Amino acid sequence: MYCILIISRYPKGFGIFGFFSMMIFRFPLWMNKKIKFWKLMGSGRNGTFDKRPDFNQWAVLVTGCQIPVTGNDSSTLVDGNPSAANSLLPRFIQKWLSLFHCKNKIYILKPIEGHGLWDGKEVFGQLPKQSLYEGKIAVLTRATIRVSRLKNFWKHVDAVAAQMSTANGFIESYGIGEVPWIKQATFSVWESKEQMKAFAYRMKEHAEVIKKTRQEKWYSEDMFVRFEVVSAV
């Protein structure tokens, strides 16, 4: 299984069309029978969980059984038009993003390890918790935050986000989410799994936050998935 994540930035003054897309895109995604799972999401401002929405940046995530990525096919991803991913991404969405001159960051990803649920489903299939893969890696961390734990969650976000942006091996990240403040996700890309794990588990402040989320039961649902980055343009 492969998945596509598109982060689209609309030109200044065109963010309203990104907002409308979150409603309009539901129809072509729902009608495409090749798509197993999809999510339309807004973005935060600082590349991670963020209270302040970025109204010019929006995200689309789709998963399916197969994407024809072989040989150099992934190198054909140009100008936001992923020919290797056409079998999954509805043509209407591609034309919409082109019409409004969006700057798109397009990831083709292969899930390799992880745990947890999204809307009660294993949306990336049954994955091992660990694998032997050690190359360039992307990580998706998402959670539905209990209303009673929102204060606990948000008071720790800024410190951890600042540390991540300066961590060894960090490349880039995006804060995305389905519902502001409550259903949140961070997608980050790292040079290697070892460097990502060094940040996640060996950096004291981040390790303490992970511990608190479990002890205080901050989340009603959460998921953590690592991906091989097949292509990123």
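Structure: above.
## Description of the pattern of salt bridges
For the structure shown, the criterion picks out eight salt bridges. Lys39 is paired through a salt bridge with Asp119; the nearest N and O atoms lie 2.6 Å apart. Taken together, the residues Lys39 in strand 2 (residues 35-44) and Asp119 in the loop between strand 4 (103-116) and strand 5 (137-145) connect sequence positions 80 residues apart. Judged by relative accessible area, Lys39 falls into the buried class, the value being 12%. When the shortest N-O distance is used, the salt bridge between Glu178 and Arg142 registers 3.3 Å. Within this pair, whereas Glu178 is found in strand 6 (residues 170-179), its partner Arg142 is found in strand 5, the two being separated by 36 residues in sequence.

## Side note on helix 1 (residues 15-24)
All buried positions along helix 1 are accounted for by Gly15, Gly18, Ser21 and Met22. All buried residues of helix 1 lie within an arc of 105 degrees about the axis, which places them on one face of the element.

## Things to note about the sheet that holds strand 6
Taken in spatial order, the eight strands close into a barrel running 1-3-2-6-7-5-8-4, and their pairing is antiparallel. Within the sheet, the average angular offset between the axes of one strand and its neighbour, ignoring direction, is 30 degrees. With nine bridges joining them, strand 4 and strand 8 (residues 219-232) adopt antiparallel strand pairing. Considered in strand 8, the bridge of Pro111 is made with Phe227.

## Structural notes on unusual backbone geometry
Unlike most non-glycine residues, Trp181 shows phi in positive territory, near 70 degrees. Among the structural elements, Trp181 can be located in the loop between strand 6 and strand 7 (183-190). In this structure, Lys217 takes a positive phi of about 50 degrees despite not being glycine.

## A closer look at the environment of Gln126
You can see Gln126 is positioned in the loop between strand 4 and strand 5. Classification of Gln126 as exposed rests on a relative accessible area of 72%. Sequence spacing of Gln126 and Val60 is 66 residues, and the spatial spacing of their C-alpha atoms is 22 Å.

Basis of the calculations
- Residues numbered from 1 in each chain as written.
- Predicted model: local features only at pLDDT ≥ 70, side-chain atom pairs only at ≥ 80, totals over all residues.
- Heavy atoms only, no water.
- Salt bridge = Lys/Arg side-chain N within 4 Å of Asp/Glu carboxyl O.
- Helix = DSSP H or I, 4+ residues; strand = E, 2+ residues; numbered from the N terminus.
- Buried < 20%, exposed > 50% of the residue type's maximum accessible area, 1.4 Å probe, protein only.
- Arc of directions from axis to C-beta.
- Pairing = 2+ DSSP bridges.
- Axes fitted to C-alpha atoms, helices over the stretch in contact; angles between N-to-C directions.

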